[in-house]
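Listed here are the chains, written in short residue letters.
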Amino acid sequence: MIFPIIAYFSLVFIYAKNIPYYDDYDVFLHYLRFSPSERVYYAFAQHNEHRLLFSRLIGEVMYQLFGTINFKHIVYIGNAALIFIFLIHNPLLPLYYPM
């Protein structure tokens, strides 16, 4: 059970690059062009059919702390969220798969 998890995260760490991909331009780079007061509005604005508050807040914090957006770190944060989701749902596993 642990081998696929280790293999997955090893591949993420090996192949993650600091390059924006697909909608990263709109989510992070275009968003940072606005003034700080406009960013508050656009942080909660709808993007296609969903809202990107968490992603934009991560980008905003990263930009304020380091003065740049590191897309490799954003990949790491996004994949760390998978671990968090697993930990939340792990206590529920016995309900779905009784021993």
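Computed from a prediction, not measured in an experiment: that's the story for all the values here. Along each chain, residues carry numbers from 1 onward, in the same order as the chain's sequence is written. Given that this is a predicted model, residues contribute local features only at a pLDDT of at least 70 and side-chain atom pairs are listed and counted only at 80 or more, while totals for whole chains, interfaces and linings are drawn from all residues. To get the side-chain values, take all heavy atoms of the structure and skip hydrogens and water.

**Q** Account for the side chain of N79, with residues named and values stated.
**A** The numbering of helices and of strands both runs from the N terminus, where a helix is a DSSP run of H or I of at least 4 residues and a strand a run of E of at least 2. Residue placement: N79 occurs in helix α5 (residues 71-89). Taking the relative accessible area as the measure of exposure, N79 reaches 11% and is therefore buried. Here a polar contact means two N or O atoms within 3.5 Å. Within protein one must be a hydrogen donor candidate and the other an acceptor candidate, and residues neighboring in sequence count only if both atoms are side-chain atoms. A distance of 2.8 Å separates a polar side-chain atom of N79 from the backbone oxygen of V75. In this description, contact between two residues means that some pair of their heavy atoms is separated by no more than 4.5 Å. Not counting residues within four places of it along the chain, the set of residues in contact with N79 comprises Y8, F9 and V12. Accessibility here uses a 1.4 Å probe with only protein chains present; expressed as a share of the type maximum, an area under 20% marks a residue as buried, one over 50% as exposed, and anything in between as partly exposed.

**Q** So what about the pattern of salt bridges? Which residues, and what values?
**A** Every case where a carboxyl oxygen of Asp or Glu lies within 4 Å of a side-chain nitrogen of Lys or Arg is listed as a salt bridge. Under the criterion given, the structure shown has one salt bridge. Note that E60 is salt-bridged to R39, the shortest N-O span being 3.0 Å. Of this pair, E60 sits in helix α4 (residues 53-66) while R39 is found in helix α3 (residues 36-44), placing the two residues 21 residues apart along the sequence. We classify R39 as buried; its relative accessible area is 9%.

**Q** Quick one: what's the story with the nonpolar core, residue by residue and with numbers?
**A** Take the buried residues of types Ala, Val, Leu, Ile, Met, Phe, Trp, Tyr and Cys, join any two whose side-chain atoms come within 4.5 Å, and each joined set is a nonpolar core. Grouped together as the largest cluster of nonpolar side chains are ten residues: V27, F28, Y31, L32, A43, L52, M62, I69, F71 and I74. Counting residues per element, the ones that place at least two in this core are α2 (24-30) and α5. The contacts of L52, once residues within four sequence positions are left out, are V27, A43, A45 and H47.

**Q** Residue-level account of the packing of aromatic side chains, with values.
**A** The criterion for an aromatic pair is that two Phe, Tyr or Trp rings (for Trp, the six-membered ring) have centres within 6.5 Å, with stacked assigned to planes under 30 degrees apart, edge-to-face to planes over 60 apart and tilted to the rest. The full count for this structure, using the stated rule, is six aromatic pairs. On the numbers, 5.1 Å between centres and 85° between planes, the contact of Y8 with F9 is edge-to-face. Accessibility expressed as a relative area gives 17% for F9, which makes it buried. Consider the rings of Y41 and Y42, whose centres lie 5.0 Å apart with planes at 80°: the pair is edge-to-face.

**Q** If you had to explain the packing of helix α1 (residues 2-15) against α5 to someone new, which residues and values would you point to?
**A** Under this scheme, a helix contributes an axis fitted over its contacting stretch, all axes are lines through C-alpha atoms, and angles between N-to-C directions fall in the 0 to 180 degree range. The N-to-C vectors of α1 and α5 enclose an angle of 170°; their axes lie 10 Å apart at closest approach. Here α5 runs roughly antiparallel to α1, going by the angle between their axes. On α5, the residues that touch Y8, F9, V12 and F13 of α1 are V75, Y76, N79, L82 and I83. Under the convention adopted here, Pro, Cys and the residues Ala, Val, Leu, Ile, Met, Phe, Trp and Tyr are nonpolar, Asp, Glu, Lys and Arg are charged, and Gly plus all remaining residues are polar. Looking at the contact of α1 with α5, its residues break down into eight nonpolar, one polar and no charged. Should an angle lie under 35 degrees it is considered roughly parallel, over 145 roughly antiparallel, and from 65 to 115 roughly perpendicular; all remaining angles are considered oblique.

**Q** Before we move on, could you go through unusual backbone geometry and cite the residues and values that matter?
**A** What is expected of a backbone is that most residues other than glycine have negative phi and most peptide bonds are trans. Positive phi outside glycine occurs at Y22, with the angle close to 55°. Structurally, Y22 is set in the loop between α1 and α2.

**Q** Give me the lowdown on a nonpolar patch on the surface, citing residues and values where you can.
**A** Residues qualify for a patch when their relative accessible area is over 30% and they have no salt bridge, like charges being joined within 9 Å and the nonpolar side chains of Val, Leu, Ile, Met, Phe, Trp and Tyr within 5 Å. Surface accessibility follows the Shrake-Rupley procedure with a 1.4 Å probe radius. Residue values consider only the protein chains on display as shielding. On the surface, a nonpolar cluster with roughly 480 Å² of combined accessible area is contributed by Y8, L82, F84, I85 and I88. Among the elements that take part in the nonpolar patch, α5 stands out by supplying four residues, more than any other. By the secondary structure assignment, L82 is in helix α5.

In short, shape yes, function no, at least from these values alone.
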